[in-house]
Amino acid sequence: MDSVQPPPSPGPPPPATPSLNPPVGSPGAPPAARLGSGVAGFARAIGFVAGLMILGIVFATGLAIGAVTVLAGSMGESPIVTELYRDGDRNTVVVIPVEGIIDPFQASKVRLLADEAMSDSSVRAVVLRVDSPGGGIAPSDQIWYQVRRLHDKGLPIVSSYGGLAASGGYYISCATDHIVAEPTCITGSIGVIAQTFIFKSLLDKVGIEPVTLLATDSPEKDVGNPFREWTDKDRQQYRDMLDAAYDIFNQRVQDGRGHAIPDPALVDALADGSIYTAQEALDAGLVDSIGYLDDAVAEAERLAGLVPGRATVVILHERVSLLDSLLGVSASPQLRGSEDLRTLVNDLGSPRVMYLMR
């Protein structure tokens with residue numbers, strides 16, 4: 001009897017073809033897109049930037065308000081700052097400092113401080129505190145004039161020399177009633193100097209030829225031209241100016257120090273540009289004593305008929321505003337004027353006649 005064969009078993013199912021778009025949440029499917037997440041992140045970034053901008057605006061506004069407040073407050077303040085050096089009675093000795101190069105700003109400051117001293121009825125004497133190598137001719141003479149104004153007001157004036165009181169530093173103080181020099185002071189340098197640059201050789205090397213035009217009736221305008229070699233005439237004209245400035249300096253010394261140096265010939269011998277130590281200046285009659293600021297104050301008290309050590313002593317300063325500090329308006333005119341090459345070359349090529357120690 002034939003046996004019945006069982007039907008063949010089905011084989012393994014064929015592999016499923018992966019769907020190109022599997023249902024969300026099924027195995028292998030990408031996570032569901034969160035439509036709000038991108039918008040929220042962008043909004044947070046915008047908010048962060050906006051917050052920074054607001055903080056910046058608030059900070060700038062506060063800074064501006066603060067600056068305006070300070071400036072507005074300073075407008076009502078006195079232009080003079082008074083520094084107490086020694087407390088005392090109601091009689092006052094004022095110290096006016098002249099420190100650094102003597103320029104128009106220094107002369108303007110001294111005038112302001114001199115006006116303050118003359119306007120205060122408690123001021124009985126003035127000490128001119130000098131620590132300067134000198135500077136410009138006109139500013140030096142302007143400060144000398146302020147010393148004469150204080151004299152005319154009846155105030156005794158004593159000079160107190162720091163480490164350096166030379167050339168214009170000596171010029172401004174030789175008319176004071178008494179000069180006290182610190183032991184290490186360098187003084188003198190009574191004379192006049194001018195320095196300049198001649199650019200002709202440099203321009204020849206660079207290949208630049210400057211052209212100078214003069215009006216027909218003003219041929220002397222070309223004297224001292226820095227773009228050509230100087231002639232004997234150029235040098236003589238400038239030497240004439242130096243000699244005139246020297247004559248004024250020499251006369252100021254004779255007038256101011258006549259009590260100590262009565263012989264004009266001796267002044268001529270001392271006023272040859274030489275510098276002197278404090279002891280040499282004392283021996284020559286250029287200063288009256290050696291000592292410090294306290295000694296100068298004591299001498300000022302004596303000349304004013306006050307009891308030494310009893311008067312109030314104050315040092316006057318010009319107030320520098322916040323705006324001046326930020327803008328640097330107190331910079332020297334030479335620095336502020338050198339804003340381009342043309343100005344710089346003209347500044348360097350213009351001889352400056354100076355009462356300045358070199």
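What comes next is a walk through the structure. Owing to the predicted nature of the structure, the values given are computational and were not obtained by experimental measurement.

## Some remarks on the overall build of the protein chain
Item 1. Scanning the protein chain for helices and strands turns up twelve helices and twelve strands.
Item 2. Counting only residues that meet the buried cut, the protein chain has 35% of its 358 residues in that class.
Item 3. Intrachain contacts of the protein chain at a sequence separation of at least 6 include 77% that bridge at least 24 residues.
Item 4. Within the structure as shown, the protein chain displays about 21300 Å² of accessible surface, and the carbon and sulfur contribution to it stands at 60%.

## Observations regarding the sheet that holds strand 4 (residues 134–136)
Item 1. Strand order in the open sheet formed by three strands is 4-12-8, with antiparallel pairing between adjacent strands. Either end of the sheet is taken by a strand with one partner, and the two such strands are strand 4 and strand 8 (193–195). If you compare each strand with its neighbour and ignore which way they point, the axes differ by 35 degrees on average.
Item 2. Set on the sheet, helix 3 (residues 137–152) makes contact with strand 4 and strand 12 (352–356); between it and strand 4 the angle comes to about 110 degrees.
Item 3. Of the strands in this sheet, strand 8 and strand 12 are in contact with helix 6 (residues 232–257), which crosses strand 12 at around 25 degrees.

## Concerning a nonpolar patch on the surface
Item 1. Judged by side-chain polarity, Phe-48, Val-49, Leu-52, Met-53 and Leu-55 come together as a nonpolar surface patch covering roughly 540 Å² of accessible area.
Item 2. Inspection of the secondary structure assignment puts Leu-55 in helix 1 (residues 35–75).
Item 3. We classify Leu-55 as exposed; its relative accessible area is 58%.

## Considering the pattern of salt bridges
Item 1. Considering all chains together, one arrives at ten salt bridges under this definition.
Item 2. Between Arg-129 and Glu-182 there is a salt bridge whose closest N-O contact spans 2.7 Å. Of this pair, Arg-129 sits in strand 3 (residues 123–132) while Glu-182 sits in the loop between strand 6 (178–181) and strand 7 (186–188), and the two are 53 residues apart along the sequence. Each member of the pair, Arg-129 as well as Glu-182, carries the same accessibility label: buried.
Item 3. Lys-200 serves as the salt-bridge partner of Asp-204, at 3.0 Å between the closest nitrogen and oxygen. On the criterion of helical spacing, the pair formed by Asp-204 and Lys-200 is a turn pair, its members being four residues apart in helix 5 (residues 200–206).
Item 4. Look at Lys-200 and you get partly exposed, because its relative accessible area is 30%.
Item 5. Three or more residues joined by partner-sharing salt bridges are found here, namely Asp-222, Arg-228 and Asp-234.

## Considerations on the pairing of strand 5 (residues 157–166)
Item 1. In terms of residue burial, strand 5 counts as a mostly covered element, since nine of its ten residues are buried.
Item 2. In this structure, strand 3 lies alongside strand 5, joined through six bridges in parallel fashion. Within the sheet, the bridge partner assigned to Val-127 lies in strand 5 and is Val-158.
Item 3. Alignment of strand 5 against strand 6, held across four bridges, turns out to be parallel. Residue pairing across strands places Ser-160 opposite Val-180, the latter belonging to strand 6.
Item 4. Direction of pairing for strand 5 relative to strand 7: parallel, over a ladder of three bridges. Among the inter-strand pairings, Ala-165 is bridged to a residue of strand 7, identified as Thr-187.

## Looking at the packing of aromatic side chains
Item 1. What the rule picks out here adds up to seven aromatic pairs.
Item 2. Considering the side-chain rings of Trp-230 and Tyr-238, the 5.3 Å spacing of their centres and the 20 degrees angle between planes classify their relative orientation as stacked. This pair shows no difference in class: Trp-230 is buried, exactly as Tyr-238 is.
Item 3. Grouped by ring-pair contacts, the aromatic residues Tyr-171, Phe-249 and Tyr-355 constitute a single cluster.

## A short note on unusual backbone geometry
Both trends apply: most residues other than glycine have a negative phi, and most peptide bonds are in trans.
Item 1. Phi angles above zero are rare outside glycine, and Ser-167 is one such case at about 50 degrees.
Item 2. If you trace the backbone, Ser-167 turns up in the loop between strand 5 and helix 4 (168–171).
Item 3. The exposure class of Ser-167 is buried, given its relative accessible area of 0%.
Item 4. For Ser-189, which is not glycine, the phi torsion reads 55 degrees and is therefore positive.
Item 5. Tracing the backbone shows Ser-189 in the loop between strand 7 and strand 8.

Cut-offs and rules
- Residues numbered from 1 in each chain as written.
- Predicted model: local features only at pLDDT ≥ 70, side-chain atom pairs only at ≥ 80, totals over all residues.
- Heavy atoms only, no water.
- Helix = DSSP H or I, 4+ residues; strand = E, 2+ residues; numbered from the N terminus.
- Buried < 20%, exposed > 50% of the residue type's maximum accessible area, 1.4 Å probe, protein only.
- Contact = heavy atoms within 4.5 Å.
- Areas by Shrake-Rupley, 256 points an atom, 1.4 Å probe, with all protein chains shown as cover.
- Pairing = 2+ DSSP bridges.
- Axes fitted to C-alpha atoms, helices over the stretch in contact; angles between N-to-C directions.
- Patch = residues over 30% accessible without salt bridge, like charges linked within 9 Å, V, L, I, M, F, W, Y side chains within 5 Å.
- Salt bridge = Lys/Arg side-chain N within 4 Å of Asp/Glu carboxyl O.
- Phe/Tyr/Trp six-rings, centres within 6.5 Å; stacked < 30°, edge-to-face > 60°.

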